[in-house]
Amino acid sequence: MKVYQLTYRSKAIQEITPNNIYEIVKVANEFNPSLAITGCLIFYNGYFIQILEGEQVAIEELYNKIKKDKRHTVTNILSKGWAPKRIFENWNMAYMNLADLSLGNKKGLVLKAQTELQNISTKTNFTTKVFWYNINELLGDDGFYKSLADGN
């Protein structure tokens, strides 16, 4: 069964705390099952990248609510569209703070992102590919997120 996916990124406010982020995840895990929403939230170096999966109306309504959240700014949709299946079907909201990863685990996640990028067809699942591409870029030592952090 096809599923609607939306991937976005945003910049956390400077004052954000780990408790703020855990509250986001807690609320998502309580709210999302009622609307059959799944997904994954990544936080690293002041950026959020999130993929949401579910019915199109529910996802778009949730995203509009997320945009209004004062714990982040500069919210941009990276991709949205239909996929053949969920990639986070067992997660109301998976969460990973990449700053908590050891260097070895970070390299493992980079390899996972690169593998997913190679294996996912943009023809059938573009939004998922965009999600993994942005994680790869976020973890990289150069690229888009590095240039933003450096003010370029």
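Quick look at the structure, then. What you see is a predicted model, and the numbers here were worked out from it, not measured in a lab.

1. Some words on unusual backbone geometry
Logical step 1: Of note in the backbone geometry, Asn45 takes a positive phi value of approximately 50° without being a glycine.
Logical step 2: In this fold, Asn45 is placed in the loop between strand S2 (38–44) and strand S3 (47–54).
Logical step 3: Its identity as a non-glycine residue notwithstanding, Val74 has a phi of 45°, on the positive side.
Logical step 4: Structurally, Val74 can be placed in strand S4 (residues 72–83).

2. As for the nonpolar core
Logical step 1: Grouped together as the largest cluster of nonpolar side chains are 19 residues, with contacts concentrated most on Ile16, Ile37, Phe43, Phe48, Leu52 and Ile59.
Logical step 2: Going through the elements one at a time, strand S1 (3–12), helix H1 (18–31), S2, S3 and helix H2 (56–67) are the ones with two or more residues in this core.
Logical step 3: Residue contributions to this core peak at 5 residues, all from H2.
Logical step 4: Excluding residues that lie within four positions of it along the chain, Leu52 makes contacts with Tyr4, Gln5, Leu6, Ile37, Thr38, Gly39, Ile59, Leu62, Ile66 and Met93.
Logical step 5: The next biggest cluster of nonpolar side chains, apart from the first, holds 13 residues, and it includes Tyr44, Tyr47, Ile51 and Ala94.

3. Section: the pattern of salt bridges
Logical step 1: Counted according to the given criterion, the structure contains 2 salt bridges.
Logical step 2: For Lys26, the salt bridge is made with Glu30, and the minimal N-O distance between the two is 3.3 Å. Here the residue Lys26 and the residue Glu30 both occupy positions in helix H1, the gap between them amounting to 4 residues, near one helical turn.
Logical step 3: The partly exposed category is assigned to Lys26, whose relative accessible area is 45%.
Logical step 4: Close ionic contact of Arg71 with Asp69 constitutes a salt bridge, the shortest N to O distance being 2.5 Å.

4. Points about the side chain of Asn32
Logical step 1: With respect to the secondary-structure elements, Asn32 resides in the loop between H1 and S2.
Logical step 2: With a relative accessible area of 2%, Asn32 lands in the buried category.
Logical step 3: In this view, Asn32 contacts Ile37, Leu62, Asn92 and Met93; residues no more than four positions away in its chain are not counted.

5. Here's the deal with the packing of aromatic side chains
Logical step 1: All chains considered together, the criterion is met by 4 aromatic pairs.
Logical step 2: Centroid distance Tyr8 to Tyr63: 5.4 Å. Interplanar angle 55°. Geometry classified as tilted. Within this pair, whereas Tyr8 is found in strand S1, its partner Tyr63 is found in helix H2, the two being separated by 55 residues in sequence. Each of the two residues, Tyr8 as well as Tyr63, counts as buried.
Logical step 3: For the ring pair Phe43 and Phe48, a centre distance of 4.9 Å and an interplane angle of 45° mean the geometry is tilted. Just as Phe43 is buried, Phe48 falls in that class too.
Logical step 4: One residue, Lys11, lies across the ring of Tyr47, its end atom 4.8 Å from the ring centre.
Logical step 5: Lys65 extends its terminal NZ or CZ atom over the ring of Phe31, reaching a point 4.6 Å from the ring centre.

Rules used in this analysis
- Residues numbered from 1 in each chain as written.
- Predicted model: local features only at pLDDT ≥ 70, side-chain atom pairs only at ≥ 80, totals over all residues.
- Heavy atoms only, no water.
- Helix = DSSP H or I, 4+ residues; strand = E, 2+ residues; numbered from the N terminus.
- Core = buried A, V, L, I, M, F, W, Y, C linked by side-chain atoms within 4.5 Å.
- Buried < 20%, exposed > 50% of the residue type's maximum accessible area, 1.4 Å probe, protein only.
- Contact = heavy atoms within 4.5 Å.
- Salt bridge = Lys/Arg side-chain N within 4 Å of Asp/Glu carboxyl O.
- Phe/Tyr/Trp six-rings, centres within 6.5 Å; stacked < 30°, edge-to-face > 60°.
- Lys NZ or Arg CZ within 6 Å of the ring centre and 35° of its normal.

The quantities given are spatial measurements derived from coordinates; they are silent on function.
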